[in-house]
Amino acid sequence: MQQLSVQVETWNLDTETTQEPELLTQFPEQQSQVAFLHQPYLGETDREIISDDNDNNSPLQKNIWNQEMAAIYLLEQGTSIYKDHLRFIIHVSEKPKLEIPIREVEQIMIFGNIQLSTPVINACLKEKISVLFLNQLGQYHGHLASEESTNIDNHLIQMQRRDDDYFQFQVSKAIVYGKLTNSKQLLMRFNRKRKIAAVEQAIYGISKDIDSLELVDDLDSLRGYEGITAARYFPAFGQLITNPKFEFSLRNRQPPTDPINSLLSFGYTLLLNNVMSFIVAEGLSPYIGNFHYGERQKSYLAFDLMEEFRSVIVDSLVLKIINNSVFKPQDFDILDSTRGVYVNQSSRRVFLQKFEARMNEETSHPDLQSQVTYRHAIQLQVRRYKRYLLSDIPYVAFLRPA
């Protein structure tokens, strides 16, 4: 009989500095929420329904379905999910029920007041479907864990490795190298035709930072170079925004003070949750990291392993969305209490759809001959880390193909 546990903690999501990661996204709780689901099973008919009605009494669920999605995002408060044979049934009030084949689901993210039946929980445990519980602000509260997914031997090895300075440094160096290289590659790709001098200068500086990593021999110096590169990267990132209705010059959070920072924060939240799911699925503790650290318990390993994917998945997506005028300034709200800028309900749904599309785009990965999705690439990187943890095969960062 499988044992069920829910691990609980509170953490902040955006960690461009290495001590005490800060809260990267907060959503006004009074805004009605949105559910984001797989393509439903509808007998002979597949269809997509998008409700733009902000009224909670709308006859349609506020859902977007995409056949390529591997995750279910449940944000509409009061949603219930139960199991009927080989399907999950999503139900909200008097709105039409949605049917989703269980075999299509890899991950479920629960935001706030969502009800899961016992058969749904058992099915997720049996099929190893990751279920994460978050509050309406996007803060992680816990996840489902079965005996099979909790590997005490792995956790003990992680604890031992935490005191292994060589292991800590080698993993951290690979992570920083991957983050810096992918950041540089994004600037180069978006600047090929524009030839912006400030961006060229940032690329040159980051190249020097990457070269300097060869001479680094301690973690503090690695963290210093990560900070220096961030100071070069984000102003150059802002130069690549071509939409005259938006501007960006400085990365900020807690709260984000402009639409670009709001989108980056939201994207990093989603990315971190995906990394977290794969770490748990591999029987590792997400709390025992290498590069990130702090006095309070946080998901430091997830912070570590998301670094090389920040620019690849989130930053590139935000640039494309803004430069293609997918969003307008009125798609963002200012919260009076904090003066923070937040993605509103309708644009949040659009961003979730674009994020899932990005996660399911294909790329190459050295571990496989065939193309893989970015979601699969994250899984392969978690497995690379696990391999180094258990067998001393060095961890190598994911580098986005040029």
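On a predicted model such as this, the values are computed, not experimentally measured, just so you know. Throughout this document, residue positions are counted from 1 along each chain, in the order its sequence is written. For this predicted model, a pLDDT threshold of at least 70 governs which residues receive local features, and a threshold of 80 or more governs which side-chain atom pairs are given and counted, while totals over whole chains, interfaces and linings are taken from all residues. Side-chain numbers here rest on the full set of heavy atoms in the structure, without hydrogens or water.

Caption draft 1: Looking closely at the packing of helix 6 (residues 259–281) against helix 8 (residues 310–323). Two elements in contact, helix 6 and helix 8, have axes separated by 10 Å at closest approach and are oriented at 140°. The element helix 6 and its partner helix 8 pack so that their crossing is right-handed. Between helix 6, through Ile260, Leu263, Leu264, Gly267, Tyr268 and Leu271, and helix 8, the contact on the second element is made entirely by Arg310, Ile313, Val314, Asp315, Val318 and Ile322. Across the contact of helix 6 with helix 8, the residue classes break down as 9 nonpolar, 1 polar and 2 charged. To define axes, lines are fitted to C-alpha atoms, for helices over the stretch in contact only, and angles between the resulting N-to-C directions are given on a 0 to 180 degree scale. Secondary structure elements follow DSSP: runs of H or I no shorter than four residues count as helices, runs of E no shorter than two count as strands, and numbering proceeds from the N terminus. In this scheme the crossing of two helices becomes right-handed for a clockwise turn of the near helix relative to the far one and left-handed for an anticlockwise turn of less than a right angle. Contacts are assigned to residue pairs with any non-hydrogen atoms lying within 4.5 Å of each other. Think of it as three bins: nonpolar holds Ala, Val, Leu, Ile, Met, Phe, Trp, Tyr, Cys and Pro, charged holds Asp, Glu, Lys and Arg, and polar takes everything else, Gly as well.

Caption draft 2: Up close: the pattern of salt bridges. Note on definitions: salt bridges are taken to be side-chain nitrogens of Lys or Arg within 4 Å of carboxyl oxygens of Asp or Glu. Overall, the coordinates contain 15 salt bridges when judged by the stated rule. For Asp220, the salt bridge goes to Arg223, with nearest N and O atoms at 3.3 Å. Note that Asp220 and Arg223 are positioned in helix 5 (residues 219–239) at a spacing of 3 residues, about one turn of the helix. For the exposure calls, accessible area comes from a 1.4 Å probe over protein chains only, and a residue counts as buried if that area is under 20% of its type's maximum, exposed if over 50%, partly exposed in between. Judged by its relative accessible area of 57%, Asp220 falls in the exposed class. Lys386 is the salt-bridge partner of Glu282, the closest N and O atoms lying 3.4 Å from each other.

Caption draft 3: Up close: the packing of aromatic side chains. Pairing of aromatic rings covers Phe, Tyr and Trp, the last through its six-membered ring, and needs centres within 6.5 Å; plane angles under 30 degrees mean stacked, over 60 mean edge-to-face, and all others mean tilted. For the coordinates displayed, the defined rule picks out 14 aromatic pairs. Judged by centre distance (5.6 Å) and plane angle (85°), the ring pair of Phe237 and Phe248 falls under edge-to-face. A residue pair is termed long-range when its members are at least 10 positions apart, and Phe237 in helix 5 and Phe248 in the loop between helix 5 and helix 6 qualify at 11 residues. For Phe237, a relative accessible area of 0% corresponds to the buried category. What makes Phe248 buried here is its relative accessible area of 7%. Through a chain of ring-to-ring contacts, the aromatic side chains of Phe167, Tyr385, Tyr388 and Tyr395 assemble into a single cluster. Each ring is checked for a lysine NZ or an arginine CZ that lies within 6 Å of its centre and within 35 degrees of its normal; such an atom marks a charge sitting over the ring. The lysine or arginine in question, Arg161, covers the ring of Tyr388, its NZ or CZ lying 6.0 Å from the ring centre. Against the face of Phe291 rests Arg223, its NZ or CZ located 5.5 Å from the ring centre.

Caption draft 4: The arrangement of unusual backbone geometry in detail. In this structure, Ser325 is a non-glycine residue whose phi angle is positive, near 55°. For Ser325, a relative accessible area of 48% gives the class partly exposed. Even without being glycine, Asp392 reaches a positive phi, approximately 65°.

Caption draft 5: Fine view of the nonpolar core. Residues enter a nonpolar core if they are buried and are Ala, Val, Leu, Ile, Met, Phe, Trp, Tyr or Cys, with the set joined through side-chain atoms within 4.5 Å. Of all hydrophobic cores here, the largest spans 83 residues; its most connected members are Leu187, Ile313 and Phe351. Element by element, the count of residues in this core is highest for helix 6, at 12 residues. Each residue touching Phe351, except ones within four places of it in the same chain, is listed here: Leu263, Phe266, Gly267, Leu270, Leu317, Val318, Ile321 and Phe327.

Caption draft 6: Structural view of the sheet that holds strand 5 (residues 80–84). Should DSSP find at least two bridges between two strands, the strands are regarded as paired. Strands sit in the order 7-6-5-9 across an open sheet of 4 strands; the sheet is mixed. Lying at the two open borders of the sheet, with one neighbouring strand each, are strand 7 (98–101) and strand 9 (115–116). Examined bridge by bridge, strand 5 and strand 9 share 2 bridges and lie parallel to one another. Paired with Ile81 across the strands is Leu116, a residue of strand 9. Its contacts with the sheet place helix 1 (residues 118–127) against strand 5, strand 6 (87–91) and strand 9, and it is angled at close to 70° to strand 5.

Purely geometric numbers; function is a separate question.
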